[in-house]
Amino acid sequence: MAFFGLFGKKEDRKEQQDNLTKGLAKTKESLFKKLGRLLLGKHKVDDDVLDELEEILITSDVGVDTTLKIIERIQERVKKDTYTGTSELDTILREEIAALLAENEGAEKSEIIDHGSDPYVIMVVGVNGVGKTTTIGKLAYRFKKAGKKVVLGAADTFRAAAIEQLEVWAQRVDVTIIKQQMKADPASVAFDTISSAKAHGADVVIIDTAGRLHNNIGLMNELSKIKNVMRKQVPTAPDEVLLVLDGSTGQNAFEQAKQFTKATEVTALAITKLDGTAKGGVVIGVSDQFNIPVKYIGIGEGIEDLQLFDRQAFVDSLFRQN
């Protein structure tokens, strides 16, 4: 099964960019207001300007460590060009943020890796309330739209609502869902899901997992068990461990990323609910601090409002003037 470049040529890039700009409107407005106040009446990028810029980035939820990294890079550029004025600060900031995101961008540009006849397996993790089930539904829609056969696995068996919500999405997108009763062994659900997917020639398997912030040992054991059972069916599984974070929670998203990266090997991030918040800076900070690429961002409630993350498009929208 060859899956390279599933969506890039088909999507209307201008419409996608416009939707992204609209989705980031609150973050952009907040950032530009702060930058505007910072630069008012100032002509040179000096220590005072950089101190204020540092505060702006931190209050935009970029995070302290990532902010300091950006400030240091700007300082180095200013040192090389002593004539750098405040009018150029927007451009410099834009370039440094793009460069930082590029450092944590995954090498694989496509959404799915080709590894023969076995399905591509995505294990989705994250706490309740971050939009995990909705993200799974929208992912299923993306793949179904591209002509791929998708199977969902309801392995969050600790909440009846989790199974029910996933069922609703499966019906909406018209994809198969494998489930068991509440309190069933999550690993057993994962095994049945992949077994069914293989038997019916599915291309993609998406496994939901419990959204509880239980202690690291319990979470690690549970996720490890699911992984081990998956690998009995597909040796490469999971091909991807996708951590879903709520962008509107700001610094709390950092803590969630910290907990889940301790518990399992997260390979990609999906950051949701960016359209309803001015905390879009979390995309930059979480990616940088955990060295994990952002793969998807949620910029609205619509079924097509989950976008494959494009770092340059993100920065362009963030600094777009109109």
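In this report, we go over the structure that sits alongside the text. Computed from a prediction, not measured in an experiment: that's the story for all the values here.

**Here's the deal with the environment of Lys232**
Turning to step 1, where the next piece is worked out: Mapped onto the fold, Lys232 is located in the loop between α9 (216–231) and β5 (240–246).
Turning to step 2, where the next piece is worked out: Lys232 sits in the exposed class, given a relative accessible area of 67%.
Turning to step 3, where the next piece is worked out: Separated by 37 residues in the primary sequence, Lys232 and Ser195 place their C-alpha atoms 9.7 Å from one another.

**So, a nonpolar patch on the surface**
Turning to step 1, where the next piece is worked out: Together, Ile58, Val64 and Leu68 give the surface a local cluster of nonpolar side chains, amounting to about 210 Å² of exposed area.
Turning to step 2, where the next piece is worked out: Of note, Ile58 is situated in helix α3 (residues 47–59).

**Some remarks on the pattern of salt bridges**
Turning to step 1, where the next piece is worked out: Inspection of every chain in the model, using the stated rule, returns 18 salt bridges.
Turning to step 2, where the next piece is worked out: Here Arg77 and Glu95 are joined by a salt bridge, their closest N and O atoms 2.7 Å apart. Of this pair, Arg77 sits in helix α4 (residues 64–80) while Glu95 sits in helix α5 (residues 89–103), and the two are 18 residues apart along the sequence.
Turning to step 3, where the next piece is worked out: For Arg77, a relative accessible area of 30% translates into the label partly exposed.
Turning to step 4, where the next piece is worked out: Classification of Glu95 as partly exposed rests on a relative accessible area of 38%.

**Some words on unusual backbone geometry**
What is expected of a backbone is that most residues other than glycine have negative phi and most peptide bonds are trans.
Turning to step 1, where the next piece is worked out: A cis amide bond links Ala237 with the next residue in sequence, Pro238, at an omega value of -10°.
Turning to step 2, where the next piece is worked out: Along the chain, Pro238 falls in the loop between α9 and β5.
Turning to step 3, where the next piece is worked out: With a phi close to 65°, Asp61 is a non-glycine residue in the positive phi region.
Turning to step 4, where the next piece is worked out: Look at Asp61 and you get buried, because its relative accessible area is 7%.

Scoring rules and cut-offs
Residues numbered from 1 in each chain as written. Predicted model: local features only at pLDDT ≥ 70, side-chain atom pairs only at ≥ 80, totals over all residues. Heavy atoms only, no water. Helix = DSSP H or I, 4+ residues; strand = E, 2+ residues; numbered from the N terminus. Buried < 20%, exposed > 50% of the residue type's maximum accessible area, 1.4 Å probe, protein only. Patch = residues over 30% accessible without salt bridge, like charges linked within 9 Å, V, L, I, M, F, W, Y side chains within 5 Å. Areas by Shrake-Rupley, 256 points an atom, 1.4 Å probe, with all protein chains shown as cover. Salt bridge = Lys/Arg side-chain N within 4 Å of Asp/Glu carboxyl O.

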